[in-house]
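If you want the building blocks of each chain, they are given just below.
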Amino acid sequence: MSQDVLQQTSVDLAVEVGPLKLKNPVMTASGTAGYGTEYAGLYDPGLLGAIAMKGLTRHPREGNRPARWAPTPGGLLNSVGLQNIGVEAFVVEKAAICAELAEKGCQPIINLACATQEDFIESVEILEEGCPAAAAYEVNVSCPNVKKGGCAIGADQNALASVVRELRSRTTKPLIVKLLPLVTDIVAMAKVVQNEGADGITLVNTIPAMGIDAKTRRPKLGSVTGGLSGPAIKPLALRLVYLTYQATKMPIIGLGGIQTGEDAIEYMLAGASAVAIGCGQFSNPRAPLMVLEEMAAYCEEQGVGSIRELTGGLILE
Amino acid sequence: MSQDVLQQTSVDLAVEVGPLKLKNPVMTASGTAGYGTEYAGLYDPGLLGAIAMKGLTRHPREGNRPARWAPTPGGLLNSVGLQNIGVEAFVVEKAAICAELAEKGCQPIINLACATQEDFIESVEILEEGCPAAAAYEVNVSCPNVKKGGCAIGADQNALASVVRELRSRTTKPLIVKLLPLVTDIVAMAKVVQNEGADGITLVNTIPAMGIDAKTRRPKLGSVTGGLSGPAIKPLALRLVYLTYQATKMPIIGLGGIQTGEDAIEYMLAGASAVAIGCGQFSNPRAPLMVLEEMAAYCEEQGVGSIRELTGGLILE
Amino acid sequence: MSLTTPASKLFTGELPLLSSDSYGPVSSGEDVAIRLKTFLLPEEAPAPQPGQFYLVSPFGEGSGVTFPAVVVHFDAPSRHLKLAAYSSGLEQEDPPTDALFFSEPEGFEPDPWLAGPLGHGIVLPPEPMPIGLLACGPQGVVLDGFARSLSEDVDLTACWVRDAGSDEATPPPGHPFTPFHSTTLDEALEELEWAEWIAVAGPKAFLKEVQQRLSGTDQVLRAYFGSDFGGCGVGACLLCPVKTQNGYARQCADGPVFDLRELVFE
Amino acid sequence: MSLTTPASKLFTGELPLLSSDSYGPVSSGEDVAIRLKTFLLPEEAPAPQPGQFYLVSPFGEGSGVTFPAVVVHFDAPSRHLKLAAYSSGLEQEDPPTDALFFSEPEGFEPDPWLAGPLGHGIVLPPEPMPIGLLACGPQGVVLDGFARSLSEDVDLTACWVRDAGSDEATPPPGHPFTPFHSTTLDEALEELEWAEWIAVAGPKAFLKEVQQRLSGTDQVLRAYFGSDFGGCGVGACLLCPVKTQNGYARQCADGPVFDLRELVFE
Ligand SMILES: Cc1cc2nc3c(=O)[nH]c(=O)nc-3n(C[C@H](O)[C@H](O)[C@H](O)COP(=O)(O)OP(=O)(O)OC[C@H]3O[C@@H](n4cnc5c(N)ncnc54)[C@H](O)[C@@H]3O)c2cc1C
Ligand SMILES: Cc1cc2nc3c(=O)[nH]c(=O)nc-3n(C[C@H](O)[C@H](O)[C@H](O)COP(=O)(O)OP(=O)(O)OC[C@H]3O[C@@H](n4cnc5c(N)ncnc54)[C@H](O)[C@@H]3O)c2cc1C
Ligand SMILES: Cc1cc2nc3c(=O)[nH]c(=O)nc-3n(C[C@H](O)[C@H](O)[C@H](O)COP(=O)(O)O)c2cc1C
Ligand SMILES: Cc1cc2nc3c(=O)[nH]c(=O)nc-3n(C[C@H](O)[C@H](O)[C@H](O)COP(=O)(O)O)c2cc1C
Ligand code: FES
Ligand code: FES
């Protein structure tokens with residue numbers, strides 16, 4: 001059905017995140033769609049513009065102890081703690097999935113969530129060699145769910161610049177940096193990675209948060225603090241996308257609480273070139289396809305010939 | 001009714017925010033309860049522990065153009081833009097309200113939201129002279145809804161230290177600083193104000209955010225960006241209270257999305273000494289009283305003799 | 001201003017809904033009907049006047065969904081309070097719960113909650129004089145409600161102006177008095193030339209237009225200004241500003257009825 | 001692993017609810033009943049086995065409220081699918097919509113949505129052998145549901161263990177087979193000594209206790225582990241970890257039925 005709708009639409013859905021070309025603007029968010037095949041029993045992930053793989057680290061990680069999630073008003077609190085198989089196992093077990101996705105025109109994006117600059121460098125070197133089908137690297141310096149690493153780099157302009165510089169010199173593939181959302185001046189951080197040659201920015205990761213159970217007087221998450229995602233954070237994320245786009249005009253992948261086509265359109269108007277669906281898939285596993293269809297329908301209704309035109313199209317009088 | 005419940009409870013509800021003594025831990029949040037009398041037709045505000053007055057500036061401010069609010073999933077987006085009558089009119093028109101509240105044992109707290117250090121200093125000087133009944137100053141360096149001022153001070157450790165230092169030397173009344181929530185390292189900011197002699201901290205103000213209407217392609221707020229409050233932000237706020245309390249043991253007024261007694265208890269367990277209700281009053285104007293009753297009932301159920309015991313009582317194993 | 005404001009000044013509570021009635025549509029091109037609801041107001045609540053407003057939520061206290069509804073009638077002995085509001089978007093499959101609405105999706109059991117009366121309502125001038133009502137679009141319901149509360153000997157002309165988005169406007173059916181005109185704004189203003197006191201209700205663009213066209217007359221113009229309404233309903237939060245020549249006023253506490261000549265449209 | 005997983009491996013959709021039945025309480029001290037619901041499974045969905053699990057939402061697709069329910073029976077010709085889940089908190093005035101539950105507040109019209117079957121269900125051993133079922137508390141419903149799907153000539157003993165919080169446990173009434181024991185854990189384990197294969201369901205503390213007490217035997221122990229369930233239901237999000245000797249496994253995709261001896265309780 002979805003396939004039909006998308007084939008029939010007169011809207012040009014192709015977008016570009018800098019040098020990364022997507023057949024349509026909808027991707028799945030890292031960490032919410034596994035390694036690309038988990039939803040394959042429900043729909044063909046090859047229909048999407050891109051799939052961001054679960055965040056990888058240099059070595060496998062066991063992840064945080066349960067509980068790993070708690071519902072919040074309008075949101076979801078999580079702390080997976082980067083449970084992943086590590087880059088070496090990834091190139092052995094999952095590189096073929098990347099190739100298969102790429103063949104279908106769906107860009108496989110590798111999310112890297114290393115704790116140190118050395119790990120980032122080694123990981124990219126292993127992937128350059130072992131996963132040629134990877135379409136881009138998403139450099140995740142903003143995972144709130146590990147004790148050290150990501151967040152520390154994401155909060156420090158020098159460390160961030162250095163990581164991007166080192167990776168830039170090691171790959172010609174698009175480098176997209178997933179910035180830390182909990183900063184006072186997002187534009188300054190965006191300019192840092194822009195100056196070092198990053199091709200785009202992803203906004204936002206989950207936002208550091210916590211839950212407490214009044215009755216038991218205990219934290220709701222095994223790791224005490226975690227990250228907040230879902231509709232609750234959309235207003236915060238939209239502002240970050242808007243400010244970053246206004247100040248840098250960098251290509252942006254916008255996400256945070258997208259559940260409908262309108263949500264996604266809001267991100268594009270704020271300045272996003274593409275959008276990603278994260279925990280929206282948990283209540284509706286076909287959300288990415290539905291969002292894509294609704295975006296196409298919006299464009300048809302509003303007489304938008306190419307969906308690219310929407311990027312930054314917010315009207316300010 | 002509420003009065004009865006509170007008189008009958010065996011729980012000792014009194015709390016202290018540093019030197020500021022409150023007969024119970026529930027206050028209204030600045031900007032959501034006007035100048036203290038607006039809800040008086042519905043219940044006696046004198047029953048509450050404290051009332052934080054609408055944020056004042058040195059000179060009157062007209063505020064932002066409409067629309068000033070938009071609903072979001074689990075939250076409320078607003079941009080009042082500090083519409084207020086200015087400190088001079090305040091001491092003439094509202095000092096008597098402060099005296100009347102104080103007589104009822106409800107502490108009137110003056111929220112100051114000046115744009116510059118000079119304005120802060122002059123305002124405190126005027127209030128020291130003209131509003132002796134003020135129980136404390138809440139130094140608001142975190143209003144997201146003005147073009148310059150508050151936020152700029154709140155994000156800059158030197159500017160923040162300087163403001164607190166200057167005010168500390170001009171008043172012996174409790175100084176409570178309402179910090180900017182959108183910072184990577186809240187503990188660092190808390191330590192700055194602690195070192196300058198602030199008596200407590202308020203967490204959180206609304207968090208910078210925005211809304212977009214996909215259909216009209218326009219911002220939902222007249223001022224484009226605004227601040228997010230309500231249950232959506234509670235998980236973010238709880239974490240800030242928790243981290244700040246763990247690191248500094250400073251007295252904290254906790255708020256953000258409190259609608260029930262359990263919400264308030266969560267803040268106390270995280271480390272708050274008192275709690276405030278903001279936009280929760282808009283859907284239930286008697287929310288502060290209801291929250292207070294529910295907190296007392298929780299203590300009775302859990303065998304808590306004095307509500308102060310709950311502060312920082314989160315169990316971490 | 002003192003803390004001793006009588007507790008009865010404002011009333012808030014879950015009220016039993018006695019009956020519900022509706023008619024419409026009131027203007028074509030939109031799916032809008034008028035709802036009349038009768039509640040039983042408790043003894044402790046103050047007696048409201050026709051033309052005053054209550055904040056209504058169909059979803060119960062604490063739902064966060066509220067809007068002002070005009071008092072059509074209050075029967076003091078029985079304490080029956082009749083309010084009018086309009087329903088739009090009735091046909092939507094998924095009624096917008098984050099928007100202000102008063103529709104009743106199928107199977108919906110209203111859990112009415114009222115707070116009020118709000119600041120200023122529509123109040124007839126103290127001296128009898130020729131009265132005009134000028135309504136446009138769904139928000140005109142407040143005038144329709146008000147008109148239903150008037151005795152028939154009030155000297156009155158009411159004009160229901162076409163909605164901008166459509167060719168024809170439908171006046172509320174079964175209106176209890178005449179003359180009642182469905183017309184264009186030009187015709188309406190001509191019709192109302194004889195009135196010394198005019199109450200106006202409609203969207204912002206309409207109010208602005210009326211203000212401009214009548215700038216030369218000395219008619220008293222009372223305007224219902226009720227858009228962007230939200231927040232506390234008691235004047236505490238400043239989320240409901242309306243620009244006037246003296247800065248921003250509050251729709252809920254200083255309004256929702258204003259001197260049209262003092263409003264500033266940006 | 002390949003993208004060519006047949007589209008029928010997983011099924012998701014809003015399904016017509018054909019009938020609903022309930023009995024209980026299944027254990028005293030808690031307000032818990034077992035619900036049996038029969039749905040019409042469409043042709044394209046794979047035929048599920050008794051003991052497999054579906055993710056269920058009573059609120060329709062997209063509600064975010066889901067939990068696994070066990071397949072009690074599937075009638076291939078009519079495609080009637082009978083699932084069992086338990087209801088707790090039925091008496092609560094305000095059912096916790098942010099919690100996982102399957103109760104039916106008065107007037108509630110369920111809008112059932114199913115996804116599945118999930119990873120591994122309870123599967124009888126390939127060779128006939130003496131079978132034991134060991135249930136505790138509301139989560140024991142999965143074994144009750146499973147037992148109802150077995151033919152009566154299966155060589156089986158089922159024990160319903162007292163809930164820790166109460167003095168007495170009530171076994172599900174009207175159970176289709178005997179022997180069925182309501183007992184303490186000690187008695188139950190004695191009763192089950194003869195069994196070579198045991199399926200266990202109950203709260204974490206119970207599973208842990210059983211694991212310890214049976215550490216010396218060589219019985220096959222299959223455990224239903226279904227707490228902290230949430231997230232995607234297809235193995236993509238890692239929000240449903242269960243600790244095993246080989247690190248964290250996923251309840252939804254690698255379970256929810258595990259080798260009890262491999263689980264690690266912290
Ligand atoms: C106080 C209040 C009460 C409400 N009560 C209800 C209620 O009872 N039921 C409900 O469903 N919703 C209610 N709402 C929500 C309501 O649907 C919208 O919020 C409100 O109508 C938008 O007002 P506006 O002045 O901005 O309208 P606008 O966006 O300015 O216009 C609204 C309508 O007026 C027409 N119009 C615009 N300009 C002109 C013109 N020059 N001439 C003629 N027509 C024109 C437009 O075609 C449109 O149909 C209420 C809102 C408020 C603020
Ligand atoms: C997979 C799954 C399915 C669910 N299905 C439903 C459903 O159908 N209906 C519904 O309403 N909710 C359902 N829920 C929600 C459910 O109520 C709770 O999430 C879940 O029961 C908590 O599990 P736990 O193992 O952490 O329980 P625990 O907190 O460990 O204990 C739960 C119960 O077990 C008892 N208990 C604890 N220790 C012992 C012991 N040593 N001996 C005997 N008894 C003990 C306790 O008294 C308590 O009654 C489901 C949850 C999950 C994860
Ligand atoms: C369960 C879960 C796991 C996640 N894992 C990762 C990850 O490994 N790497 C990463 O960059 N982001 C991760 N995220 C963040 C998401 O990619 C996304 O940025 C965030 O959830 C906001 O989008 P949403 O509101 O649509 O979920 C994870 C989010 C969730 C909910
Ligand atoms: C309408 C509105 C106006 C506010 N005005 C002020 C203000 O003047 N000064 C201030 O320090 N905080 C102001 N705030 C922030 C609140 O005091 C509070 O910190 C925030 O709303 C979070 O609490 P809540 O979620 O309970 O509303 C305002 C909030 C709202 C919603
Ligand atoms: S709604 Fe709060 S001041 Fe009017
Ligand atoms: S619920 Fe997502 S992996 Fe199990």
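Here the structure is shown first, and the text comes after it.
Once a new chain begins, its residue numbering starts again from 1 and follows that chain's sequence as written. Written order decides the labels, with chains lettered from A and ligands numbered from 1. Restriction of local features to residues with pLDDT of at least 70 applies here, the model being predicted, together with a cutoff of 80 or more for giving and counting side-chain atom pairs; totals for whole chains, interfaces and linings are based on all residues. Computation of side-chain values covers all heavy atoms of the structure but excludes hydrogens and water.

> How do you make sense of the overall build of chain A when you look at a structure like this?
Counting its secondary structure elements, chain A contains 11 helices and 16 strands. Computed over the C-alpha atoms, the radius of gyration of chain A is 18 Å, within 12% of the 20 Å expected from 2.2 N^0.38 for a compact globule of 317 residues. Over its C-alpha atoms, taken along the principal directions, chain A stretches across nearly 50 × 50 × 45 Å. Relative accessibility thresholds used throughout: buried, under 20% of the residue-type maximum; exposed, over 50%; partly exposed, between the two (1.4 Å probe, protein chains only). Looking at chain A residue by residue over its 317 residues, the buried ones come to 68%. Each helix corresponds to a stretch of at least 4 residues labelled H or I by DSSP, and each strand to a stretch of at least 2 residues labelled E; elements are numbered beginning at the N terminus. In this treatment the radius of gyration is a C-alpha quantity, and the globule benchmark scales as 2.2 Å times the residue count to the 0.38 power.

> Looking at this structure, I do not really get the site of ligand 4. What am I missing?
Of all residues adjacent to ligand 4, which total 24 residues, the nearest are Ser30, Asn140, Gly230, Gly257 and Cys279 of chain B. The near set for a molecule or strand comprises every residue that places at least one heavy atom within 4 Å of it. Those residues lying near ligand 4 are distributed over chains B and C. Polar contacts here mean pairs of N or O atoms no more than 3.5 Å apart (in protein, one a potential hydrogen donor and the other a potential acceptor; neighbouring residues in sequence count only if both atoms are side-chain atoms). The contact in question runs from an oxygen atom of ligand 4 to an N or O atom on the side chain of asparagine 111 of chain B, over 2.9 Å. Relative to its unbound accessible area of 600 Å², ligand 4 is 98% covered by the protein chains. Under the convention adopted here, Pro, Cys and the residues Ala, Val, Leu, Ile, Met, Phe, Trp and Tyr are nonpolar, Asp, Glu, Lys and Arg are charged, and Gly plus all remaining residues are polar. Of the residues that constitute the shell around ligand 4, the class distribution is 8 nonpolar, 14 polar and 2 charged. In short, Shrake-Rupley with a 1.4 Å probe defines the accessible areas, and a residue's cover is counted only from the protein chains shown.

> What is the right way to read the sheet that holds strand S14 (residues 225–229) of chain A from this model?
Each strand in a sheet pairs with its neighbour through backbone hydrogen bonds, running either in the same direction (parallel) or in the opposite one (antiparallel). Pairing within the open sheet is antiparallel, and its 4 strands lie in the order S5-S6-S14-S11 (chain A). Of all the strands in the sheet, the pair left with one neighbour each is strand S5 (69–72) and strand S11 (207–210) of chain A. Each strand axis lies, on average, 35° off the axis of its neighbour in the sheet, ignoring direction. The pairing of S11 of chain A with S14 of chain A spans 4 bridges and is antiparallel. What sits directly across from alanine 209 of chain A, in S14 of chain A, is glycine 226 of chain A. What makes two residues a contact is simply this: any of their non-hydrogen atoms within 4.5 Å. Between N-to-C directions, angles cover 0 to 180 degrees, with each direction set by a line fitted to C-alpha atoms, over the stretch in contact for helices. The strands touched by helix H8 (residues 234–248) of chain B are S5, strand S6 (75–78), S11 and S14 of chain A; relative to S11 of chain A, the strand with the most contacts, the crossing angle is about 75°. Think of it this way: DSSP has to see at least two bridges between two strands before they count as a pair.

> Quick question: what am I supposed to make of the interface of chain B and chain A here?
By convention, interface size is frequently given as the accessible area that disappears when the constituent parts associate. The interface is formed by 47 residues belonging to chain B together with 47 residues belonging to chain A. With both chains or domains summed, chain B and chain A bury close to 4,200 Å², and 65% of this area falls on carbon and sulfur atoms. The rule for a salt bridge is simple: a side-chain nitrogen of Lys or Arg has to be within 4 Å of a carboxyl oxygen of Asp or Glu. For lysine 215 of chain B, the salt bridge goes to glutamate 262 of chain A, with nearest N and O atoms at 2.8 Å. Linking chain B with chain A are 18 residue pairs in polar contact (both at pLDDT 80 or more), by the criterion used here. Of all the secondary structure elements, the ones that give two or more residues to the side of chain B that touches chain A are strand S11 (207–210), strand S12 (212–213), strand S13 (218–219), strand S14 (225–229), H8, helix H9 (261–270) and helix H11 (287–302) of chain B. Per-class residue counts for the side of chain B that touches chain A are 31 nonpolar, 7 polar and 9 charged. The term buried area denotes the loss of accessible surface (1.4 Å probe radius) that occurs when two parts are joined, taken as the sum for both partners.

> In this structure, what is going on with helix H3 (residues 204–213) of chain D? I would like to understand it.
Every α-helix carries 3.6 residues per turn, so stepping three or four residues along brings you back to the same face. Residues and elements named next belong to chain D. Residues of H3 that are buried include every one of Phe206, Leu207, Val210 and Gln211, and no others. Projected down its long axis, H3 carries its buried residues within an arc of 135°, all on one side. Each element contacted by the buried residues of H3 is listed here: strand S8 (131–136), strand S9 (156–161), helix H2 (185–191), strand S11 (197–201) and strand S12 (220–224). Arc definition: directions from the helix axis to the C-beta atoms.

> How do you make sense of the relation of the copies chain B and chain A when you look at a structure like this?
Turning one copy of the chain about an axis and sliding it along that axis gives the other copy, so a rotation and a shift relate them. Each copy is superposed on the other by least squares, with the fit set by C-alpha atoms of residues at a pLDDT of at least 70 in both. Note on the identical chains: chain B maps onto chain A by a rotation of 180° and an axial translation of 0.0 Å, with an RMSD of 0.0 Å. Such a combination of rotation and displacement between the chain copies is what one expects of a two-fold axis. Comparing contact sets, 100% of the residues at the interface of chain B also lie at the interface in chain A, consistent with an isologous, same-surface contact.

> Just checking my understanding: could you explain the side chain of glutamine 251 of chain D for this structure?
Residue and element names in this part refer to chain D. Secondary-structure assignment places glutamine 251 in the loop between strand S14 (247–250) and strand S15 (257–259). Take glutamine 251: its relative accessible area is 0%, and that puts it in the buried class. At a separation of 3.5 Å, a polar atom in the side chain of glutamine 251 contacts the main-chain carbonyl oxygen of proline 241.

> Hey, could you run me through the sheet that holds strand S10 (residues 200–203) of chain A in this one?
Residues and elements named next belong to chain A. The strand order around the closed barrel built from 8 strands is S3-S4-S7-S8-S9-S10-S15-S16, with neighbouring strands paired in parallel fashion. Between one strand axis and the next, the sheet turns by 25° as a mean value, whatever way the strands run. Alignment of strand S7 (residues 107–112) against strand S8 (residues 136–140), held across 4 bridges, turns out to be parallel. Within the sheet, the bridge partner assigned to leucine 112 lies in S8 and is valine 139. Contacting strand S3 (26–28) and strand S16 (274–277), helix H11 (residues 287–302) crosses the sheet at an angle of about 165° to S3.

> Which parts of the structure should I look at to understand the pairing of S7 of chain A?
Note on strand geometry: in a regular strand, side chains alternate between the two faces of the sheet. Residues and elements named next belong to chain A. Most of S7 sits out of view: 5 of its 6 residues are buried. Relative to S7, strand S4 (residues 50–52) is paired through 3 bridges, and the arrangement is parallel. Paired with alanine 50 across the two strands is glutamine 107, which belongs to S7. We call a crossover right-handed when, viewed with the strands running away from us, the connection from the first strand over the helix to the second turns clockwise. The β-α-β motif built from S7, the intervening helix H4 (residues 117–130) and the parallel element S8 has right-handed crossover chirality.

> I'm lost on the nonpolar core in this one. Help?
A general feature of soluble globular proteins is that nonpolar side chains tend to end up buried together. What is meant by a nonpolar core is a set of buried Ala, Val, Leu, Ile, Met, Phe, Trp, Tyr and Cys residues, joined one to another through side-chain atoms within 4.5 Å. By size, the foremost hydrophobic cluster in this structure holds 251 residues, and its most contacted members are Ile110 and Leu179 of chain A together with Ile110, Leu160 and Leu179 of chain B. Non-local contacts of leucine 179 of chain A, meaning those with residues more than four positions away in its chain, are made with Val141, Ser142, Leu160, Ile186, Met189, Ala190, Val193, Ile201, Thr202, Leu203 and Asn205 of chain A.

> Please explain the packing of aromatic side chains as it appears in this structure.
In this description, an aromatic ring pair is defined by two values, namely the gap between the centres and the angle between the planes. Two aromatic rings from Phe, Tyr or Trp, using only the six-membered ring of Trp, form a pair when their centres are within 6.5 Å; if the ring planes differ by under 30 degrees the pair is stacked, by over 60 it is edge-to-face, and anything between is tilted. In the structure shown here, the tally under the stated rule is 6 aromatic pairs over all chains. Considering the side-chain rings of phenylalanine 53 of chain D and tyrosine 224 of chain D, the 4.9 Å spacing of their centres and the 15° angle between planes classify their relative orientation as stacked. Pair noted here: phenylalanine 53 of chain D is in strand S4 (residues 53–57) and tyrosine 224 of chain D is in strand S12, with a separation of 171 residues, a long-range link. The class of phenylalanine 53 of chain D is buried, set by a relative accessible area of 0%. Judged by relative accessible area, tyrosine 224 of chain D falls into the buried class, the value being 5%. We count a charge as sitting over a ring when the NZ of a lysine or the CZ of an arginine lies within 6 Å of the ring centre and within 35 degrees of the ring normal. Over the face of the ring belonging to tyrosine 248 of chain D we find arginine 68 of chain A, whose NZ or CZ atom lies 4.6 Å from the ring centre.

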